[in-house]
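These are the residues of each chain, in order.
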Amino acid sequence: MQWYQRRVREAVVSTQSTGDKVEAEVVKEDAEDKKEGDQAMNELFQKIYADGNDDTRRAMIKSFQESGGTVLSTNWDDIGKKQTEVKPPDGMEYKKWNE
């Protein structure tokens, strides 16, 4: 092996180990970051959906679709029995898109 081949190999190995360290730092920082606002809420709902059983998932889908996105429930016993009503936030009025 020539001297320049050894240099190239050493440089590649050095770069890989440095890259791995930087990647590990970035992953650690991402894990430590606190999510806020909509991002935190969306992650919470995703976790509830992923960790829930079939009835929980079914209730979440049915309540969200039937209410036009104004209700999100995890209780299938309640949601499965009837149509979910639209409940807009306080001070707002629900209108269909074609009105």
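This one's a predicted model, so the numbers in the text were calculated from it and none came from an experiment.

Engineer: A description of helix H3 (residues 54–66) should follow, citing residues and the corresponding values.
Structural biologist: Between its first and last C-alpha, H3 extends 18 Å over 13 residues, near the 18 Å set by a 1.5 Å rise per residue. Every buried residue of H3 is accounted for by Thr 56, Ala 59, Met 60, Lys 62 and Ser 63. The elements touched by buried residues of H3 are helix H2 (37–51) and helix H4 (76–79). The N-capping residue of H3, defined by a side-chain oxygen 3.2 Å from the backbone nitrogen of Asp 55, is Asn 53.

Engineer: Can you explain the pattern of salt bridges? Please cite residues and give values.
Structural biologist: Counted under the stated rule, the structure contains 5 salt bridges. For Glu 66, the salt bridge goes to Lys 62, with nearest N and O atoms at 3.0 Å. Of this pair, Glu 66 and Lys 62 both sit in helix H3, 4 residues apart, which is roughly one turn of that helix. Judged by its relative accessible area of 17%, Lys 62 falls in the buried class.

Engineer: Explain the packing of H2 against H3 residue by residue, including any values.
Structural biologist: Packed helices, taken two at a time, are described by the angle their axes make and the gap between the axes. Following both chains from N to C, one finds H2 and H3 inclined at 135 degrees, their axes separated by 7 Å at the closest point. Classified by the interaxial angle, the pair formed by H2 and H3 is oblique. Contacts from Phe 45, Ile 48, Tyr 49 and Ala 50 of H2 reach H3 at Thr 56, Arg 57, Met 60 and Ile 61. Per-class residue counts for the contact of H2 with H3 are 6 nonpolar, 1 polar and 1 charged.

Here is what the cut-offs are and how they apply
- Residues numbered from 1 in each chain as written.
- Predicted model: local features only at pLDDT ≥ 70, side-chain atom pairs only at ≥ 80, totals over all residues.
- Heavy atoms only, no water.
- Helix = DSSP H or I, 4+ residues; strand = E, 2+ residues; numbered from the N terminus.
- Expected span 1.5 Å × (residues − 1).
- Buried < 20%, exposed > 50% of the residue type's maximum accessible area, 1.4 Å probe, protein only.
- Contact = heavy atoms within 4.5 Å.
- Polar contact = N/O pair within 3.5 Å; in protein donor to acceptor, adjacent residues only side chain to side chain.
- Salt bridge = Lys/Arg side-chain N within 4 Å of Asp/Glu carboxyl O.
- Axes fitted to C-alpha atoms, helices over the stretch in contact; angles between N-to-C directions.
- Parallel < 35°, antiparallel > 145°, perpendicular 65-115°, else oblique.
- Nonpolar A, V, L, I, M, F, W, Y, C, P; charged D, E, K, R; others polar.

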